[in-house]
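Each chain is listed here by its residues.
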Amino acid sequence: MSYLITRVDGSSEPSEDYRKITQGEFHIYHTEETEVKQEEERTYLLDGLIPDSTESIGDFRETYKDEDRSLKNLEGFYTGIIIESDKVKVFRDIFGTKAAYYCINTFALSSGIKPLLQILPGQQELNREVAADYLANGLVDHRRETFFRKVKRLKPKDNLHYNGEKIVIEEKEYIPKDKNGALKPLLEENIEKLKPENGDYYCPVSGGLDSAIITSKCEDARHIHLSFLHGTKDKEYLPDVKSEYDLDVQELEVKPIDLLEEVENTVRSQEEPTAFPAVPAQSILYRNIEDGNTVISGTGADELFYGYSWFLPFYLADKLKEGKVLSFFKEMVNYRKSLGSNHLYGLKDILLKGGATLPSGADDFVNFETPPMRIKGLEEARRKHLEKFYFPHLLRSIQKNSQQYDVDVRPAFLSRKLFELSSSVETDEHFQDGLKKFLLRSSFREELPESVFHRKQKTGFVSASNRLYTSSTSKKFLEVFKSDSFQSRELIKSESVLKSVEKGFLPFETAYRFYNFELWMREFID
């Protein structure tokens with residue numbers, strides 16, 4: 001029994017060099033061609049980067065067998081395999097940064113869905129349950145099932161084993177170890193390791209905390225700013241960042257209609273529907289970066305250091321559960337500007353019902369019941385955000401968009417050591433004085449502009465997307481929602497969607513999901 005391993009560049013084998021592949025596209029197929037049979041155990045890096053190793057990935061073959069020194073302990077973002085005779089093991093970083101898909105009726109593993117569909121005719125059957133969950137709740141990449149019924153994805157905690165006859169998936173929890181160390185030197189060290197050897201790289205810059213921290217350590221980079229939201233606060237803070245670090249920033253102005261028009265491009269490259277308008281915005285950004293260049297980004301900071309307002313109800317509920325009533329009311333005052341009505345409803349549900357559920361958003365427009373997902377506490381909220389909600393979707397969109405434009409994106413915060421550190425400190429170190437991500441802020445206090453350090457409100461797509469409603473975007477939505485194909489979709493209450501858009505009742509992000517789904521159906525299913 002043998003395996004044929006190919007990369008997008010036509011190579012017959014991936015690399016055993018730990019730095020050689022940073023943006024690989026890999027396909028592994030079971031084959032009867034005896035000339036590619038692998039008798040000796042060998043370890044390959046298929047996709048990604050392992051920056052803090054001084055040895056080739058092949059030198060870690062023996063350590064993989066040792067649970068205390070597993071390949072999961074390596075820093076970086078990667079997918080790799082160990083092959084010995086007819087057996088295959090897949091290993092990945094703890095965040096599952098690089099997407100990996102497999103088929104359920106034969107062994108085929110790939111970084112993309114399209115190659116699996118090409119080698120297995122008839123696999124393009126829609127998974128109605130996944131599609132309904134996406135339409136109603138905006139959940140994508142949160143389960144092993146994909147939009148294609150016979151193609152599955154590896155989740156962050158999944159270990160895949162194949163013995164020549166059967167695929168076995170083990171879901172193994174990664175337990176962060178207590179880490180005695182300072183955040184600042186850990187992040188600085190990681191950034192330095194991610195910088196390319198040729199010294200030519202980009203840093204996206206905004207008026208936000210995360211990009212300002214990265215920028216403070218990457219002043220030799222080329223800086224680019226994408227202004228795509230009407231009415232957000234980023235433009236108010238960007239001048240302070242430019243002045244603080246004396247930056248020459250390439251600024252890109254993007255209109256709301258540009259995002260919807262870009263969906264026609266991203267729907268093909270992403271392979272599954274996307275849930276947020278940030279995805280086409282990201283595609284536009286990468287298209288304006290020179291081919292073959294590296295991007296060092298701040299992706300992951302909000303997930304590791306509790307940057308989203310969505311975490312606040314759980315943090316506040318914990319205060320009451322611990323009997324810290326005075327602290328609860330003090331924090332309610334401190335974070336009043338960050339708490340919306342949906343956060344207060346979530347707080348009430350946590351205290352009275354034992355947990356908060358995700359707001360369904362659009363279940364009234366879908367002909368399929370999807371059970372709510374209930375979350376009980378702050379750490380569970382962070383873990384599910386990392387493993388099930390927005391974050392896996394964000395990582396997939398980064399990978400697909402960057403592959404399309406030959407851009408190597410390296411998220412500076414996606415570090416096992418940083419994850420362990422953020423998990424080992426007390427919660428109050430992350431929330432102080434009405435500021436989220438306080439541990440991160442305070443660690444870089446001296447480098448940050450005063451305005452950015454004290455910025456309390458994070459205004460992104462979730463809170464500001466309705467400002468993308470313009471006459472041109474409404475017209476584009478209606479054009480698609482009035483089409484015969486959309487009106488005939490069995491999963492969707494299409495007339496209700498159409499009327500809600502005409503009256504201006506449907507939130508932009510919800511309309512975006514239905515719009516994206518329709519274009520995706522035309523491309524992959526119809």
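Every chain is numbered independently, its residues counted from 1 as its sequence is written. Local features in this predicted model are restricted to residues of pLDDT 70 or higher, and side-chain atom pairs are both shown and tallied only at a pLDDT of 80 or more, whereas totals for entire chains, interfaces and linings draw on every residue. Calculated side-chain values reflect all of the structure's heavy atoms, with hydrogen atoms and water omitted.

Moving on, we come to the overall build of the chain. Each helix is a run of H or I in the DSSP string that is no shorter than four residues. Each strand is a run of E no shorter than two, and both are numbered from the N terminus. Each helix and strand counted, the chain has 22 helices and 17 strands in total. Out of the 526 residues belonging to the chain, those deemed buried represent 59%. Residues are treated as being in contact if the distance between any of their heavy atoms lies within 4.5 Å. For the chain, the share of sequence-separated contacts (at least 6 apart) that also reach a separation of at least 24 residues comes to 73%. When accessible area is computed with a 1.4 Å probe and restricted to protein chains, residues below 20% of their type maximum are described as buried, those above 50% as exposed, and intermediate ones as partly exposed.

Turning our eyes to something else, we now look at helix α8 (residues 278–287). Burial runs high along α8: 9 of the 10 residues are buried. Restricting attention to buried positions, one finds in α8 the residues Ala278, Val279, Pro280, Ala281, Gln282, Ser283, Ile284, Leu285 and Tyr286.

For the rest of this paragraph, the subject is the side chain of Lys319. Counting through the fold element by element, Lys319 comes out in helix α10 (residues 312–321). Side chain to side chain, Lys319 and Asp428 meet in a polar contact 2.7 Å long. Residues adjacent in sequence count toward polar contacts only when both atoms are side-chain atoms; beyond that, a polar contact is any pair of N or O atoms within 3.5 Å, and within protein one must be able to donate a hydrogen and the other to accept it.

Let's shift gears to the nonpolar core. Core analysis: the largest hydrophobic core is formed by 137 residues, its most contacted members being Leu440, Phe481 and Phe514. The element best represented in this core is helix α22 (residues 508–524), accounting for 10 residues. In this structure, Leu440 is in contact with Leu183, Leu187, Leu209, Asp210, Ile213, Ala301, Phe305 and Phe413, ignoring residues within four places of it in sequence. Buried Ala, Val, Leu, Ile, Met, Phe, Trp, Tyr and Cys residues form a nonpolar core when they are joined through side-chain atoms within 4.5 Å. Within the second largest apolar cluster, 15 residues are counted, among which are Ile81, Ile83, Val90 and Ala100.

Here the term cavity refers to a set of points on a 1 Å grid, laid over the protein atoms alone, in which a 1.4 Å probe fits but cannot get out; the term pocket refers to an open set having protein on both sides within 12 Å along at least five of seven lines, with lining residues being those that place an atom within 4 Å of a point. Grid points are joined across faces, edges and corners, and a volume is the space filled by probe spheres set on the points. Taken as a whole and judged by the stated rule, the model has 7 cavities of 30 Å³ or more. Each pocket or cavity is described by its volume, and for the largest cavity that value is around 160 Å³. Taken together, 18 residues line the largest cavity, and the ones lying closest to its centre are Arg92, Gly96, Asp141, Leu154 and Pro392. Top contributing element to the lining of the largest cavity by residue count: helix α14 (residues 390–404), with 4 residues.

This brings us to the pairing of strand β14 (residues 294–297). Burial along β14 is two-sided: the face carrying Thr294 and Ile296 and the face carrying Val295 and Ser297 are both buried. Here, any two strands with at least 2 DSSP bridges between them count as paired. Two strands pair when backbone bridges link them, and strand β11 (residues 201–204) and β14 are joined in this way by 2 bridges, in the parallel orientation. Along β14, the bridge assignment pairs Tyr201 with Thr294. The pairing of β14 with strand β17 (residues 408–411) spans 4 bridges and is classified as parallel.

A few words on the packing of aromatic side chains. Only the six-membered ring of Trp is used, alongside the rings of Phe and Tyr, when aromatic pairs are assigned; centres must lie within 6.5 Å, and planes under 30 degrees apart are stacked while those over 60 apart are edge-to-face, with the rest tilted. Applying the stated criterion across every chain yields a total of 25 aromatic pairs. Taken together, the ring pairs in this structure connect Tyr306, Tyr308, Trp310, Phe311, Phe314, Tyr315, Tyr335 and Phe431 into an aromatic cluster. Across from the ring centre of Phe453, 4.0 Å away, lies the NZ or CZ of Arg445, which sits over that ring. Charge over a ring is defined by NZ of Lys or CZ of Arg lying within 6 Å of the ring centre and within 35 degrees of the ring normal.

Across the sheet, 5 strands lie side by side as β13-β12-β11-β14-β17; this open sheet has parallel pairing. Each edge of the open sheet carries a strand with a single partner, namely β13 (249–253) and β17. The average angle at which neighbouring strand axes cross in this sheet is 30°, direction not considered. Note: strand β12 (residues 222–227) against β13, 5 bridges, orientation parallel. Across the sheet, Leu226 pairs through a bridge with Leu252, a residue of β13. All axes here are fitted lines through C-alpha atoms, helices being fitted over the stretch that makes contact, and every angle between N-to-C directions spans 0 to 180 degrees. The strands that helix α6 (residues 234–245) touches are β12 and β13; relative to β13, the one it contacts most, it runs at about 165°.

Here we come to the packing of helix α7 (residues 256–270) against α22. Two elements in contact, α7 and α22, have axes separated by 10 Å at closest approach and are oriented at 45°. The angle between α7 and α22 places the two elements in the oblique class. The hand of the α7/α22 crossing is right-handed. Of α22, the residues touching α7 (which contributes Leu260, Val263, Glu264, Val267 and Arg268) are Phe508, Tyr512, Tyr515, Asn516, Leu519, Trp520, Glu523 and Phe524. For the contact of α7 with α22, the residue count by class is 9 nonpolar, 1 polar and 3 charged. An angle below 35 degrees is treated as roughly parallel, one above 145 as roughly antiparallel, one from 65 to 115 as roughly perpendicular, and anything else as oblique. Helix crossings get a hand from a simple test, with the near helix turned counterclockwise from the far one by less than a right angle marking a left-handed crossing and a clockwise turn marking a right-handed one. Under the grouping applied here, Gly and all other residues not named as nonpolar or charged are polar, the nonpolar ones being Ala, Val, Leu, Ile, Met, Phe, Trp, Tyr, Cys and Pro and the charged ones Asp, Glu, Lys and Arg.

Right, let's talk about the pattern of salt bridges for a bit. Any Lys or Arg side-chain nitrogen located within 4 Å of an Asp or Glu carboxyl oxygen qualifies as a salt bridge. Following the criterion strictly, the structure yields 39 salt bridges and no others. With its nearest N and O atoms 4.0 Å apart, the salt bridge here joins Lys155 to Glu171. One end of the pair, Lys155, is in the loop between β8 (151–153) and β9 (158–162); the other, Glu171, is in strand β10 (residues 167–171), and 16 residues separate them in sequence. A relative accessible area of 46% means that Glu171 is categorised as partly exposed. Between Glu262 and Arg287 there is a salt bridge whose closest N-O contact spans 2.8 Å. Of the two residues, Glu262 sits in helix α7 while Arg287 sits in helix α8, which places them 25 residues apart along the sequence.

Our focus in this paragraph is the confidence of the model for the chain. Summary statistics for the chain give a mean pLDDT of 82 and a share of 84% for residues scoring 70 or more. Segment residues 8–21 is flagged for pLDDT under 50; beyond a separation of four residues in sequence, or across chains, it makes 49 contacts in the model. The pLDDT value tells you how sure the predictor is about a given residue, anywhere from 0 up to 100. This model gives residues 63–69 a pLDDT under 50, and the stretch forms 14 contacts once residues within four places in sequence are excluded.

One can expect most non-glycine residues to show negative phi and most peptide bonds to be in trans. Of note, the phi angle at Asp433 is positive, near 55°, even though the residue is not glycine. Along the chain, Asp433 turns up in the loop between α15 (416–424) and α16 (438–443). Looking at Asp433, the relative accessible area reads 51%, which means it is exposed. The residue Lys437 is not glycine, and still its phi comes out positive at about 55°. With respect to the helices and strands, Lys437 occurs in the loop between α15 and α16.

The subject of this paragraph is the sheet that holds strand β4 (residues 77–84). Taken in spatial order, the 5 strands line up as β3-β4-β5-β9-β10 in an open sheet, and their pairing is antiparallel. Here the strands that pair on one side only, and so sit at the sheet edges, are β3 (42–49) and β10. When strand polarity is set aside, the average angle formed by the axes of neighbouring strands in this sheet is 15°. Taken together, the 5 bridges between β9 and β10 define a ladder with antiparallel strand orientation. By the bridge assignment, Tyr162 is partnered in β10 with Ile167.

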